[in-house]
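Next come the chains, spelled out residue by residue.
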Amino acid sequence: MPLTSLQGQMGMLTTEDQYVEAIERITSEIKEKPDNPELFLLRSQNLLKLEKFKEASSDASRAVDLGAGAEGHLVQGKALFNLGRFVEALEAFTKGKAKGGANLGKLDQFGQWISWCEDRIKKLGLSEASNPANKTSMEEKKEEAAGDAAATAPNEMPVPKIKHDWYQTEAFVIVTVLVKNLKQEDVKVDFTEKTVSVSAPLPSGSEYSLELDLCHPINPAQSSFRVVPSKIEIKMKKVDGIRWGALEGDGEPPSVKASIPGTSEATKVPSYPTSASKKHDWDKLEAEVKKEEEEEKLEGDAALNKLFQKIYGQGSEETRRAMNKSFMESGGTVLSTNWKEVEGQKVEVKPPDGMEYKKWNQ
């Protein structure tokens, strides 16, 4: 199969089974063309998607040795970073940037990756001298820790793989990462026009990292994320109002069919594409998320404010008028929902027991 055709098909893959099948096909091509750097690069990219970081690093290194450009260093650096080999990853990203990676459109990621590597190296107190004999890499520390854990807890189950999924609306693409019990301030999400990078420390002590090369451009300034007890939700603003056929890859914009109001085509509920192997009922998922948010236990002022917001949001026009009038006239000491009670009179200030109300200039 011609290489250009193979590369085009690789950009349309979305599921784990497809990545495995692609790797098998590329391996067959490599047997016939063992000195082709593009084939090793393609295989390393698919191995990276499957989180087989050691194999991806090996293939990317081979691609670089055979003459691959900046993208070979990018894949190599990502694989090494996920292995915890931050010093070697820094070296790979630096070489890639020197080869012009910062000026290759979607490859304009080297500066951010270099910054992340330097940050990890500084926090872990690693040596920036890339000496293979110097046992300072995080990978070796992880292996030592794994050996100790195996000796003390031989029956302990491995940490499950963290899954992510996505869906879309007319204006946004939403990615959900199913990881629990994280804090908003501990999660870092970086947006560029064609990439999203997520990193967060897991309760187990390891580091979670997700890198997405998006199928279509987004608006970073209007994109955001939030952390709830059960997941990370990443909301990306579309630049063009088109329906994405895949989350990642080099997809061509699909033709947008105009719908005529009143026709069955216009009223049909859209079926959103997904990278999951099974279909999801997104209406049901949205209802579950809303229920989860409603059942989220808050304390103190946060719980009280949520209650007031619920009353105000679900109340009638008279209820809202009563709440506004009573709150303003009483200096925030009274909150009434009965409009007939407050309509014809001024609401007096009622400070809490044991406290005295005074005007600002008294």
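Residues numbered from 1 in each chain as written. Predicted model: local features only at pLDDT ≥ 70, side-chain atom pairs only at ≥ 80, totals over all residues. Heavy atoms only, no water.

### Comments concerning the overall build of the chain
- In terms of helices and strands, the chain carries 13 helices and seven strands.
- Considering only contacts within the chain whose residues lie at least 6 apart along the sequence, 53% involve residues at least 24 apart.
- Summed over all atoms, the accessible surface of the chain reaches about 22600 Å², with 51% contributed by carbon and sulfur. (Helix = DSSP H or I, 4+ residues; strand = E, 2+ residues; numbered from the N terminus. Contact = heavy atoms within 4.5 Å. Areas by Shrake-Rupley, 256 points an atom, 1.4 Å probe, with all protein chains shown as cover.)

### Notes on the nonpolar core
- Of all hydrophobic cores here, the largest spans 27 residues; its most connected members are V177, V196, I234, M236, W244 and L247.
- Residue assignment for this core shows that the elements contributing at least two residues are strand 2 (172–177), strand 3 (188–191), strand 4 (195–201), strand 5 (207–213), strand 6 (218–228) and strand 7 (231–238).
- Not counting residues up to four positions away in its chain, the partners in contact with V196 are V189, D190, F191, L210, E211, L212, L214, I218, I234 and M236.
- I26, L39, L42 and L83 belong to the second largest nonpolar core, which has 19 residues in total. (Core = buried A, V, L, I, M, F, W, Y, C linked by side-chain atoms within 4.5 Å. Buried < 20%, exposed > 50% of the residue type's maximum accessible area, 1.4 Å probe, protein only.)

### Here's the deal with the environment of D165
- Locating D165 in the fold gives a position in strand 1 (residues 164–168).
- Relative accessible area serves as the criterion here: at 11%, D165 is assigned to the buried category.

### A word on a nonpolar patch on the surface
- Side chains of L307, F308, I311, F327, M328 and L335 sit close together on the surface and give an oily, nonpolar patch of about 540 Å² of accessible area.
- Elements that contribute at least two residues to the nonpolar patch include exactly helix 11 (300–314) and helix 12 (317–329).
- Looking at the nonpolar patch, the element that brings in the most residues is helix 11, giving three residues. (Patch = residues over 30% accessible without salt bridge, like charges linked within 9 Å, V, L, I, M, F, W, Y side chains within 5 Å. Salt bridge = Lys/Arg side-chain N within 4 Å of Asp/Glu carboxyl O.)

### Things to note about the packing of helix 3 (residues 37–49) against helix 4 (residues 53–65)
- In the contact formed by helix 3 and helix 4, the axes pass within 8 Å of each other and the chain directions differ by 160°. The orientation of helix 3 relative to helix 4 falls into the category roughly antiparallel. As helix 3 packs across helix 4, the resulting crossing turns out to be left-handed. For the pair helix 3 and helix 4, the contacting residues are P37, F40, L41, R43, S44, L47 and L48 in the first and F53, E55, A56, D59, A60, R62 and A63 in the second.
- Partitioning the contact of helix 3 with helix 4 into residue classes produces nine nonpolar, one polar and four charged. (Axes fitted to C-alpha atoms, helices over the stretch in contact; angles between N-to-C directions. Parallel < 35°, antiparallel > 145°, perpendicular 65-115°, else oblique. Left-handed = near helix turned anticlockwise from the far one by under 90°. Nonpolar A, V, L, I, M, F, W, Y, C, P; charged D, E, K, R; others polar.)

### Details of the packing of helix 6 (residues 86–98) against helix 7 (residues 110–124)
- Between helix 6 and helix 7, whose axes approach to 9 Å, the crossing angle comes to 155°. By the angle class used here, helix 6 and helix 7 are roughly antiparallel. The handedness of the crossing between helix 6 and helix 7 comes out as left-handed. Between helix 6 and helix 7, the contacting residues are F86, V87, A89, L90, F93, T94, G96 and K97 on the first element and F110, G111, W113, I114, C117, E118, R120, I121 and L124 on the second.
- Here the residues of the contact of helix 6 with helix 7 sort into eleven nonpolar, three polar and three charged.

### A look at the packing of aromatic side chains
- Under the counting rule described, the total for this entry stands at five aromatic pairs.
- Considering the side-chain rings of F81 and F86, the 5.1 Å spacing of their centres and the 65° angle between planes classify their relative orientation as edge-to-face. For the residue pair F81 and F86, the accessibility class agrees, reading buried in each case.
- With a centroid separation of 5.2 Å and 20° between ring planes, the pair formed by F93 and W113 is classed as stacked. Taken together, the residues F93 in helix 6 and W113 in helix 7 connect sequence positions 20 residues apart. Pair check on accessibility: F93 and W113 agree, each one buried. (Phe/Tyr/Trp six-rings, centres within 6.5 Å; stacked < 30°, edge-to-face > 60°.)

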